[in-house]
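If you want the building blocks of each chain, they are given just below.
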Amino acid sequence: MTTTPIYLPESLQYPIVITSIAAQQSSTVARGTKLLHYSFEFTPRRTFSPDPAVKAPPPKTEKRFSSWESTSDGVVKEWHLRPGQRITLKEAKETPALTLLEECPHSMQIAGLCTQCGKDMTITDYIGITDESRAGIRMTHDAAGPTVSAYEARRIERETADKLRGARKLILIVDLDQTIVHATVDPTVGEWIAQGKAYENRMAEKAAAKAVKVAALSKDDDDDETASDSDSEIEVNPNWEMLKDVAQFKLAPEAPVRRGKPVAREEPCDYYIKPRPGLSTFLTSLKDKYEMHVYTMGTRAYALQVCNVIDPNGSYFGGRILSRDDSGSLTMKHIQRLFPYNSSMVVIIDDRADVWGNSPNLVKVVPYDFFVGIGDINATFLPKLPDPVGNAAETSATSTPPSERLASPSNGSSDSTVPALAASPHTASPAPPSTEIDMTKGEVEAAIIAEAQSKAVTSQLEERPLAKMQKELDKEEEREEAEKEGGAQPANGHLNGAKEQNGHEHHHHHHKGKALLSNNDWELERVWNILHEVHRRFYEAEGDNKANSVAMQGKGKQKGSLAKNNKVPDVAVIIPALKSEVLAGVRILFSSVIPLGTPPEQSEAWRCAREFGAKCAMRLTDEVTHVVAAKEGTHKVLEAFHKGNVKVIWTKWFNDCIALWKHLEEKGDYLLPMPSKRTLDSIDAAATPGSHAGNELNGDGDGRPKAGPSVEDTGTPGTGTGTPVGTPRMVELDLDWDAAQDELEAFLAETDDEGGEGDEKIDEDGEDEPGDEDDAPDREGRDKNFGARDMDELLADDEAMEVAYGEPSGSKSVLKRPRGGTPDSTASDSEDDVTPSAKRTKLAPGPSALNNILTPDEETDEDEEMTGSKPGSIALSGPGAENEDEEEEEDGEEEEEGSSAAEGFGDSASDDESDDSEDDDFLNELSAASDGPG
Amino acid sequence: MFFVKELTHRILLHPSYFGPQMEKFLENKLYADVEGTCSGAYGYIIAVLSIVDIGQGNVLSGTGQAEFITVYRAIVFKPFKGEVVDGIVGEVNKMGFFVEVGPLNVFVSNHLIDPEMKFDPNSNPPSYASQDQIIERDTHVRLKIVGTRVDATEIFAIGTIKEDHLGVVE
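These numbers come from a predicted model, not from an experiment.

**Student:** Whenever I open this one, the side chain of Thr115(A) confuses me. Can you help?
**Tutor:** Along the polypeptide, Thr115(A) turns up in the loop between strand E10 (113-114) and strand E11 (137-138). Residue Thr115(A) is classed as buried on the basis of its relative accessible area of 0%. With residues near it in sequence (within four places) discarded, Thr115(A) still touches Met108(A), Gln109(A), Ile110(A), Phe107(B), Ser109(B), Leu112(B) and Ile158(B).

**Student:** Just to check I follow, could you spell out a nonpolar patch on the surface for this structure?
**Tutor:** Residues and elements named next belong to chain B. Where nonpolar side chains cluster on the molecular surface, the patch consists of Met1, Phe3 and Phe80 and spans about 250 Å² of accessible area. Mapped onto the elements of the fold, Met1 is located in the segment before strand E1 (2-13). The class of Met1 is partly exposed, set by a relative accessible area of 42%.

**Student:** Which parts of the structure should I look at to understand the interface of chain B and chain A?
**Tutor:** Size of an interface: often given as the accessible area lost when the parts come together. Contacts between the two partners involve 22 residues from chain B, matched on the other side by 30 residues from chain A. Both sides of the chain B and chain A interface together cover about 2000 Å² of buried area, and 60% of this is carbon and sulfur. On the chain B side of the interface with chain A, the three residues burying the most area are Lys94(B), Met95(B) and Arg149(B), jointly 30% of the side's total. Counting every contact that joins chain B to chain A gives one salt bridge. At the surface where chain B touches chain A, the tally comes to four residue pairs in polar contact (both at pLDDT 80 or more). Looking at the side of chain B that touches chain A, the elements with two or more residues in it are strand E6 (84-93), strand E8 (104-109), strand E12 (140-150) and strand E13 (155-160) of chain B. Here the element with the most residues in the side of chain B that touches chain A is E12(B); it accounts for four residues.

**Student:** It is not clear to me how the pattern of salt bridges should be interpreted in this structure. Could you clarify?
**Tutor:** Close approach of charged atoms allows side chains with opposite charge to pair. In total, this model carries 34 salt bridges over all chains according to the counting rule given. With its nearest N and O atoms 2.7 Å apart, the salt bridge here joins Glu611(A) to Arg607(A). One end of the pair, Glu611(A), and the other, Arg607(A), are both in helix H16 (residues 604-611), four residues apart, so they sit about a helical turn from each other. On the basis of relative accessible area, Glu611(A) is assigned to the partly exposed category, the value being 26%. Classification of Arg607(A) by relative accessible area gives partly exposed; the value is 28%. A salt bridge links Lys29(B) to Asp33(B), with the nearest nitrogen and oxygen atoms 3.8 Å apart. One end of the pair is Lys29(B) and the other is Asp33(B), both in helix H1 (residues 22-34) and four residues apart, which spans about a single turn. Accessibility expressed as a relative area gives 30% for Lys29(B), which makes it partly exposed. When salt bridges with common partners are traced through the structure, they connect Glu533(A), Arg536(A), Arg537(A), Glu540(A) and Glu581(A) into a single cluster.

**Student:** Is there a simple way to think about the sheet that holds strand E14 (residues 181-184) of chain A in this case?
**Tutor:** Whether parallel or antiparallel, the strands of a sheet pair through hydrogen bonds between backbone atoms. All names here are of chain A. Here three strands make up an open sheet; going across it, the order is E14-E18-E15 and the pairing antiparallel. The open sheet has two edge strands with one neighbour each: E14 and strand E15 (247-251). Direction aside, neighbouring strands of the sheet carry axes that sit 25° apart on average. With respect to the sheet, helix H7 (residues 300-310) is in contact with E14, E15 and strand E18 (269-275), its orientation differing from that of E15 by roughly 155°.

**Student:** It is not clear to me how the nonpolar core should be interpreted in this structure. Could you clarify?
**Tutor:** Grouped burial of nonpolar side chains is what soluble globular proteins tend to show. Residue and element names in this part refer to chain A. Counting residues in hydrophobic clusters, the biggest one holds 110 residues, and the most contacted among them are Leu243, Phe371, Leu517, Val534, Phe590 and Phe654. If one sorts the elements of this core by residue count, helix H13 (residues 523-555) sits on top with seven residues. Structurally, this core is a two-domain feature, drawing no fewer than three residues from each of domain 2 (168-382 + 446-577) and domain 3 (386-423 + 583-675).

**Student:** In this structure, what is going on with the environment of Gly102(B)? I would like to understand it.
**Tutor:** Assignment of secondary structure puts Gly102(B) in the loop between strand E7 (96-101) and E8. Separated by 58 residues in sequence, Gly102(B) and Tyr44(B) have C-alpha atoms that sit 9.5 Å apart.

**Student:** Would you take a moment to explain the confidence of the model for chain A for this structure?
**Tutor:** Low-pLDDT portions of the prediction should not be read for the details of their coordinates. Residues and elements named next belong to chain A. Looking at chain A, the pLDDT average stands at 67 and 56% of residues meet or exceed 70. Within the model, pLDDT remains below 50 along residues 687-733, and this stretch shows 100 contacts once partners closer than five positions in the same chain are excluded. Note on residues 753-920: pLDDT is under 50 here. Beyond four places in sequence and across chains, it has 339 contacts.

**Student:** Is there a simple way to explain the confidence of the model for chain B in this structure?
**Tutor:** Confidence in the prediction of chain B, expressed as mean pLDDT, is 92, and 100% of residues score 70 or more. Least confident of the elements in chain B is strand E9 (residues 118-120) of chain B, whose mean pLDDT is 88; most confident is strand E5 (residues 66-77) of chain B, at 95.

**Student:** Could you clarify how one ought to interpret the state of the cysteines in this entry?
**Tutor:** Any covalent bond linking the sulfur atoms of two cysteines counts as a disulfide. Residues and elements named next belong to chain A. By the definition in use, this model includes zero disulfides over all chains. This cysteine, Cys104, is not joined by any disulfide, and Cys114 carries the nearest cysteine sulfur, 3.4 Å off. Judged by its relative accessible area of 9%, Cys104 falls in the buried class.

**Student:** Teacher, can you tell me more about the packing of aromatic side chains here?
**Tutor:** Aromatic ring pairs are defined here through the distance separating the ring centres and the angle between the ring planes. Taken as a whole, this structure holds 17 aromatic pairs over all chains when the rule is applied. Here the aromatic rings of Tyr38(A) and Phe40(A) are separated by 6.0 Å at their centres, their planes lie at 40°, and the arrangement is tilted. Each member of the pair Tyr38(A) and Phe40(A) is classed as buried. Here the aromatic rings of Phe3(B) and Phe80(B) are separated by 6.1 Å at their centres, their planes lie at 80°, and the arrangement is edge-to-face.

**Student:** Sorry if this is basic, but what is going on with the pairing of E8(B) here?
**Tutor:** If a strand is regular, its side chains alternate between the two faces of the sheet. All names here are of chain B. By the criterion of burial, E8 is predominantly enclosed, with five of the six residues buried. Two elements, E7 and E8, share six bridges in a ladder whose sense is antiparallel. Note on E8: the bridge partner recorded for Val99 is Val106. Connecting the antiparallel pair E7 and E8 is a turn made up of two residues, with Gly102 showing a positive phi of about 60°. Sheet topology note: the E8/E13 ladder contains two bridges and is parallel. By the bridge assignment, Phe107 is partnered in E13 with Ile158.

**Student:** For this particular structure, what's the right way to read the pairing of E7(B)?
**Tutor:** All names here are of chain B. By the criterion of burial, E7 is predominantly enclosed, with five of the six residues buried. Relative to E7, E6 runs antiparallel, the two being bridged by four bridges. Within E7, the position partnered with Ile88 by the bridge is Glu100. Where E6 folds back onto E7 in an antiparallel hairpin, the turn is made up of two residues.

**Student:** Looking at this structure, I do not really get H16(A). What am I missing?
**Tutor:** Because each turn of an α-helix spans 3.6 residues, side chains separated by three or four positions in sequence point in the same direction. Taken residue by residue, H16(A) has Glu604(A), Ala605(A), Trp606(A), Cys608(A) and Ala609(A) as its buried positions. Along its buried surface, H16(A) packs onto strand E23 (587-591), strand E24 (615-617) and helix H18 (651-660) of chain A.

**Student:** It is not clear to me how the environment of Tyr670(A) should be interpreted in this structure. Could you clarify?
**Tutor:** Residues and elements named next belong to chain A. Inspection of the secondary structure puts Tyr670 in the loop between H18 and helix H19 (677-687). Here Tyr670 falls in the buried class, since its relative accessible area comes to 12%. Taking the C-alpha atoms as reference points, Tyr670 and Asp656, separated by 14 residues in sequence, lie 9.9 Å from one another. Side chain to side chain, Tyr670 and Asp656 meet in a polar contact 2.7 Å long.

Cut-off values and rules
Residues numbered from 1 in each chain as written. Chains lettered and ligands numbered in written order. Predicted model: local features only at pLDDT ≥ 70, side-chain atom pairs only at ≥ 80, totals over all residues. Heavy atoms only, no water. Helix = DSSP H or I, 4+ residues; strand = E, 2+ residues; numbered from the N terminus. Buried < 20%, exposed > 50% of the residue type's maximum accessible area, 1.4 Å probe, protein only. Contact = heavy atoms within 4.5 Å. Patch = residues over 30% accessible without salt bridge, like charges linked within 9 Å, V, L, I, M, F, W, Y side chains within 5 Å. Areas by Shrake-Rupley, 256 points an atom, 1.4 Å probe, with all protein chains shown as cover. Salt bridge = Lys/Arg side-chain N within 4 Å of Asp/Glu carboxyl O. Buried area = accessible area lost by both parts, 1.4 Å probe. Polar contact = N/O pair within 3.5 Å; in protein donor to acceptor, adjacent residues only side chain to side chain. Pairing = 2+ DSSP bridges. Axes fitted to C-alpha atoms, helices over the stretch in contact; angles between N-to-C directions. Core = buried A, V, L, I, M, F, W, Y, C linked by side-chain atoms within 4.5 Å. Domains from an automatic or database assignment. pLDDT = per-residue confidence, 0-100. Disulfide = S-S within 2.5 Å. Phe/Tyr/Trp six-rings, centres within 6.5 Å; stacked < 30°, edge-to-face > 60°.

Below, the structure is given as structure tokens:
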């Protein structure tokens, strides 16, 4: 007998007024027995009279009566309502109408039967509510298992938790593919294994033969010779060593489902499973600390086979296997599927964070990529992870943020399936044709996935990527041998496989260019350490709690304070805390990492950095300790080098730190090469304080030494009279004319087809433009004009402006150039300020000289509004300076250009100078003021 | 419960089978078609005992196939509420365990297990154990069926071992 609170159904026409109670207290009710009578206000729908002239009378609300019937059997224990009471929907939801003493609450059901009373739950009648809805939570691994009610689920979880606490254990959810094993169907592996086995056999035979010979030493000498001959012939496959522990099983490929019926099954194919190095030790040593569950995106048959390989007697997982078939979602994994209410003791290890929606319980592992380039054979329908960035070699304007591989589609529901499928390269097949309209949406999805899956498998079977790679490798080896190169081995250590595109190379070197595969992987060791730490902390907190509560009870304190201190330890708190210790104390400035057009706070890189305890800066301040750059020569990088005490490192460092949960030493490959003195000088010059680069230039013109003094000048407003004539000479210092020429050409080409070639992000901005223009015709409009113009036109204008120079008011009207944001755009985080800078990049993608020259003016603008209060720090060269925080990529370009320069620069210079006129008055004032001391 | 029941089955025979071996073929076809199936009305058809009447082959116009309405006697197994049966334990989990009673799968929930028997997730294989008894995969148990649900082609059942003389069978 259980007491169940019964609520009024939401389907009644609220508000209702109770007229009488039909089933009095302690009366027995059955399904369908009237519990109470109520009345409600009913407004009939407005009727339209056929004659439009006669207006239909407004519908009259009338009082109607109805009754509420019981949906379950039992005895009424207590009523919480009384006749005459008026009840609204809200009240009905919040407070139970009555409590019922039930024979069976049907809290656990299986196959439509209550597991306690054996009653059929599927019976439907006029009441419309079946008892099946009372147990809707599936928390068993197997999809055929029972479902439970929320109450029952909590009870089971509580029991489980108590048991685990007693055994000082936590729960570990383990992913299979690329986390603890790597699987492939490439038949090449089978051949290699066969070769290896044949080799072993021959070796064994030979050993046996030798033994025989030793026994009968005197007999014949001929045999001996032949044996040694064959010895030289035998050549083992270079990959055999690594393939020794690869397991093999046959599995029928997933039959694509058409119209709900599986198509004829194909031949079963061989699957090859490579356990991650150290797996058995890993599992054995975790067995006492964790209750382990498997949660994989593979099919049930596959999961069982793999577990048969890694856990042959079921001592680790013991049937706790959850596969894609049981999961209920094809693209996401949810802790709630197994632990619906309490996930405070659950740790997850998986190579993909996105499928978990970046759960705080997740310990992300570096994907295991043993069969090089195969990837996850069971994740072909998931969105492909973007390549990790930060590879110095291939930095480009299109580089993706480092952490985007951690990016998640994050719309956790299953509706993400369709876009996800679209993203998968294997699902080239179009959506099912309309003839299959009778299939439900889920069936269609399943069919698509099965098809994609089988396609992927087939392609692997046919294309044999490994054989290809080995061939290439052999070729390369030959070439290398020809060149007689020693080949320095990169220190890859832990990071083996961290970068898929690098993985290949790494493997090469490790085996002297011989074997494609490699056993170098220590990821499980690292994960093991983390898991141990989590376990230690959890039970340390638990121990504290116990001690506390004992102490509290001793002192007889109140319950409230007890509960307060007695906070249940939670893995979802411990893991983020662990993470945040990794980069604690580090203050990062990103350069060329965060894509344009995204507010930096919302970017993945930013989020990751915060998650791992680092603080992020928008621009180079004194607190910044690390500049993380995706390419060389960006403005921030140069500036950081100039500043000296800041570590300037590749994004690879950042990625690796995050992947390994370790503050790696900033040295070796991670460091950006020091730029040449000249480049640095140029930045000095450009960045000169007060940023009066303009003034500085002028000063130069006045005969000051080249850019040298800028360092001392830091913080003081530039000197100079504002005479623009000097500019050209100043920039001449460090121009690489060839590069400049190239850039100019590139710029010209780019301006012509806006957005066509540019990087995507910039394109997006381009789309925004018209709107922006409307919003801020003043500034944005000019920006646009500038970009839209042809270079020629621009130059022509420049001449005009030069002429106009000196007549500020006049030239102002002609001015068409990008202007920096206002100071608050520099400082604020608002999304708005992204646009101008981003746009500028688009509009003026590469006009190096122009940028350089535009600088002074920009700076002045800024100063004007900031009243020169911020001397050196903000005043940077190039328009990038103002929006430095966002424009990551942009500033790179500008800097490169700044360090070189463009042809025809004189013209552009004058353009700039004429631009200056806009702020001329102020500028003059300012320079006059600053001139004083100088 | 087991019954001997007279049942009918309709066999369509292709003309290529018409000939001296036809009866033998019809018998085999009958066995293959009905044995091991489950009908909601009669339960699982365990075995065909005898063929009462092989039927007259009526040739259908249009296809040329012969239609035989075969009458046969078979052993059927239909579980009933309240029936006590023996079975072999299959999967065991924290919510209960499954018992294979011949072709029928019965679920015994942890509510209907003696409270003294506790689920032990750390045992391998997982089990319910008390001081003197243990229920794990392949254990023989006696249980009472507390409820069944009959589909057109499937039967589900719930069992209990929380009564006298039920549980592990030595």
